[in-house]
Amino acid sequence: MTSHQQNPASPPPEALIAALRARFGERFSQGESVRLQHGRDESVHTPMLPDGVVFAQSTSEVADAVALCHAHGVPVIPYGTGSSVEGHVLAPRGGITIDLAGLSQVKHIHAEDLTATVEAGATRTQLNAALKGTGLFFPIDPGADASLGGMASTRASGTNAVRYGTMKENVLQLTVVLPDGQVIKTGSRARKSSAGYDLTRLFVGAEGTLGIVTELTVRLYPVPEAISAAVCAFPSVDEAVNTVIETIQLGVPVARVELLDAVTMGAINRFSKTDYPESPTLFFEFHGSEAGVAEQAETVQALAAEHGGQNFQWAARPEDRTRLWQARHDAYFACLQMQPGCRAFPTDVCVPISRLAECIHATNEDIAQVGLKVALFGHVGDGNFHLVVLVDPDSEKDMAAAEWLNERVVGRAIDMEGTCTGEHGIGLGKQQFMVREHGQGAVDLMRVLKRAIDPADLMNPGKILPAA
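Residues numbered from 1 in each chain as written. Predicted model: local features only at pLDDT ≥ 70, side-chain atom pairs only at ≥ 80, totals over all residues. Heavy atoms only, no water.

## Thoughts on the overall build of the protein chain
Thought 1: Scanning the protein chain for helices and strands turns up 17 helices and 18 strands.
Thought 2: Relative to the 2.2 N^0.38 estimate, which gives 23 Å for 468 residues, the radius of gyration of the protein chain is 22 Å and therefore close to what a compact globule would have.
Thought 3: Summarising its shape, the C-alpha atoms of the protein chain cover approximately 70 × 55 × 45 Å along the three principal directions.
Thought 4: Out of the 468 residues in the protein chain, the part that is buried amounts to 57%.
Thought 5: Carbon and sulfur atoms make up 51% of the accessible area of the protein chain, which amounts to about 18,700 Å² in all.
Thought 6: Taking the average location of the 37 positive side-chain charges in the protein chain and that of its 54 negative ones, the two points are 4 Å from each other. (Helix = DSSP H or I, 4+ residues; strand = E, 2+ residues; numbered from the N terminus. Rg over C-alpha atoms; globule rule 2.2 N^0.38 Å. Buried < 20%, exposed > 50% of the residue type's maximum accessible area, 1.4 Å probe, protein only. Areas by Shrake-Rupley, 256 points an atom, 1.4 Å probe, with all protein chains shown as cover. Lys, Arg positive; Asp, Glu negative; His and termini not counted. Charge placed at Lys NZ, Arg CZ, Asp CG, Glu CD.)

Written out as structure tokens, the structure is:
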């Protein structure tokens, strides 16, 4: 993760500040604490503060704020919940952050069409709470209670992606504020379309560098008739990963399959007051009919046994499943508690499923060399895993070791025809890998698109694309 310094920038023109105050009143702030809150995320990057924060409450207000900033040549940074880990919400050139938490309505639930239209500041838990009683749910679950606009902007996925896909597959339509304040809609509520360029996919994953998502229509899914979850410990990471590979290759429609290494399981036990074996562990979940779930579970249990899997613990009751998955979602915070005072240097990669065991095995050999506390866990059902490297951000030695490990795991993933990030996104932290993964020609084309849509480079500047 390359260190980034905040570029010295002229303060915003007084005319812009006056215009924002006139338009938004007390919902425009230049307070130090507010700016600090919006100038940092969960990454190890040094905070980079905006010059002010607008708390918008509608698409038209976002458009007004963007138009004012555009007229004065001032950068704009969208902000959801601040749960990103690659510096997406930082303000390396200053500017105005637009906080979207006030756009939190679940506007329409079209149960018969299996879609919902929500404002960008609504979170996934808000949407699922609104869906109670409909027999439907929204499955994309990145762990953090992220805003849906932020999830679309980073192309988020999470624990259910192996069965339900990522935000890329589950966003049908967007409302976007362009860099000059113009508002456009992309896509439709229809399940498919052949009408022109796929602008929805252009903005999904653009990390706010092309425009600000203010509203989105997403796919919904029927709540399964039966759900069963299980935890199983293994003698080694290799055996656990090989179980996953065989499960996927057999076509078992597992809904979730998560790997946590021994370090992570120890951290979870201490943080969540659980008593799981402190060895490499798989968390499974199966969705379907009663008979289908039972058949899936029996198949996977047999595969696990062939690879030394033991102590299969089942959780069929909703409260038991919730407790199991809460422990999984607490993994990141549990790891932070292993070394109080340290920060997490997180990274993630994704590789073809056939290369996963090899990639993780080699990564563990690298981990053994760095002398830092490192946890490995992830959504191995789709080849995606994470490292949480605990560092003292003020220690040059720690940061150099973490950078080396990051370079090793990312380079290996790309060499295996994988990607430098399965779900964290690029932000500030992974720009240096873009050419290696995509090639210079593809990155140059991305720059052409950026310049065409945002010629003044005002939308979340400094993110995704490496310096030319």
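Back to the text.
## A short note on the packing of aromatic side chains
Thought 1: Evaluated as defined, the whole model comprises 9 aromatic pairs.
Thought 2: Seen in terms of ring centroids, Phe137 and Tyr164 are 5.6 Å apart; in terms of plane orientation they differ by 90°. Their pairing is edge-to-face. Highlighted residues: Phe137 in strand β7 (residues 136-137) and Tyr164 in helix α6 (residues 161-164), separated in sequence by 27 residues. Accessibility classification places Phe137 together with Tyr164 in one group, the buried group.
Thought 3: Three or more aromatic residues joined by ring pairs form one cluster here, namely Phe284, Phe286, Phe312 and Trp314.
Thought 4: One Lys or Arg, Arg23, reaches over the ring of Phe24 and ends 5.0 Å from the middle of that ring.
Thought 5: Seen from the ring of Trp325, Arg256 lies directly overhead, with NZ or CZ sitting 4.4 Å from the centre. (Phe/Tyr/Trp six-rings, centres within 6.5 Å; stacked < 30°, edge-to-face > 60°. Lys NZ or Arg CZ within 6 Å of the ring centre and 35° of its normal.)

## A short note on helix α9 (residues 237-249)
Thought 1: Under the 1.5 Å per step criterion, the end-to-end length of α9 is 18 Å for 13 residues, consistent within 8% with the ideal 18 Å.
Thought 2: For α9, every residue scored as buried is listed here: Val237, Ala240, Val241, Thr243, Val244, Ile245 and Thr247.
Thought 3: Residues of α9 that are buried sit in contact with β13 (256-260), β14 (281-288), α11 (290-306) and α14 (356-370).
Thought 4: Of the residues trailing α9, Gly251 is marked for its positive phi of about 85°. (Expected span 1.5 Å × (residues − 1). Contact = heavy atoms within 4.5 Å.)

## As for the nonpolar core
Thought 1: Counting residues in hydrophobic clusters, the biggest one holds 55 residues, and the most contacted among them are Leu259, Leu282, Phe284, Ile360, Phe385, Leu387 and Val389.
Thought 2: A per-element tally of this core places helix α15 (residues 396-415) first, with 8 residues.
Thought 3: In this view, Leu282 contacts Ala230, Val231, Cys232, Phe234, Ala240, Thr243, Val244, Val257, Glu258, Leu259 and Val380; residues no more than four positions away in its chain are not counted.
Thought 4: Formed by 27 residues, the second largest nonpolar core is a distinct cluster that contains Ala116, Leu131, Ile184 and Leu216. (Core = buried A, V, L, I, M, F, W, Y, C linked by side-chain atoms within 4.5 Å.)

## Section: helix α10 (residues 262-272)
Thought 1: Three or more residues of α10 are buried, namely Thr264, Met265, Gly266, Ala267, Ile268 and Asn269.
Thought 2: Against β13, β14, α12 (318-329), α13 (331-336) and β17 (374-378) lie the buried residues of α10.
Thought 3: Following α10 by one or two positions, Lys273 adopts a phi angle in the positive range, close to 60°.

## Observations regarding the sheet that holds strand β2 (residues 52-55)
Thought 1: Pairing is mixed in the open sheet, where 4 strands are placed in the order β1-β2-β4-β3. Here the strands that pair on one side only, and so sit at the sheet edges, are β1 (28-29) and β3 (76-79).
Thought 2: For β1 and β2, the ladder comprises 2 bridges, and the chain directions are antiparallel. Opposite Phe28, over in β2, you have Val54 as the bridge partner.
Thought 3: The sheet contacts of helix α3 (residues 59-71) involve β2, β3 and β4 (96-99), and relative to β4 the element is tilted by about 175°. (Pairing = 2+ DSSP bridges. Axes fitted to C-alpha atoms, helices over the stretch in contact; angles between N-to-C directions.)

## Topic: the state of the cysteines
Thought 1: Within this structure, the stated rule accounts for 0 disulfides.
Thought 2: Just so you know, Cys335 is unpaired, no disulfide at all, and the nearest cysteine sulfur is the one on Cys342, 12 Å from it.
Thought 3: Relative accessible area serves as the criterion here: at 1%, Cys335 is assigned to the buried category. (Disulfide = S-S within 2.5 Å.)

## Focus: the side chain of Arg328
Thought 1: By the element assignment, Arg328 lies in helix α12.
Thought 2: Judged by relative accessible area, Arg328 falls into the buried class, the value being 5%.
Thought 3: What Arg328 contacts, discounting residues up to four positions off in sequence, is Glu258, Leu260, Phe283, Phe377, Gly378 and His379.

## Concerning the sheet that holds strand β6 (residues 115-119)
By definition, the strands of a sheet pair up through backbone hydrogen bonds, in either a parallel or an antiparallel sense.
Thought 1: Strand order across the open sheet formed by 5 strands is β5-β6-β10-β8-β9, with antiparallel pairing between neighbours. The open sheet has two edge strands with one neighbour each: β5 (106-110) and β9 (183-187). On average, adjacent strands in this sheet sit at an angle of 10° to one another, irrespective of strand direction.
Thought 2: Taken together, the 4 bridges between β5 and β6 define a ladder with antiparallel strand orientation. Of the residues in β6, the one forming a bridge with Val106 is Val118.
Thought 3: Each of β8 (171-177), β9 and β10 (212-219) is contacted by α3, which is oriented at about 45° to β8, the strand it contacts most.

## A word on unusual backbone geometry
Thought 1: The backbone phi angle of Lys273 is positive, close to 60°, even though this residue is not glycine.
Thought 2: On the secondary structure map, Lys273 appears in the loop between α10 and β14.
Thought 3: Of note, the phi angle at Ile464 is positive, near 70°, even though the residue is not glycine.

## Considering the packing of α9 against α11
Thought 1: Their axes nearest at 9 Å, the elements α9 and α11 cross at an angle of 145°. Note on packing geometry: the crossing formed by α9 with α11 is right-handed. Residues Thr243, Glu246 and Thr247 of α9 pack against Val300, Leu303, Ala304 and Glu306 of α11. (Left-handed = near helix turned anticlockwise from the far one by under 90°.)

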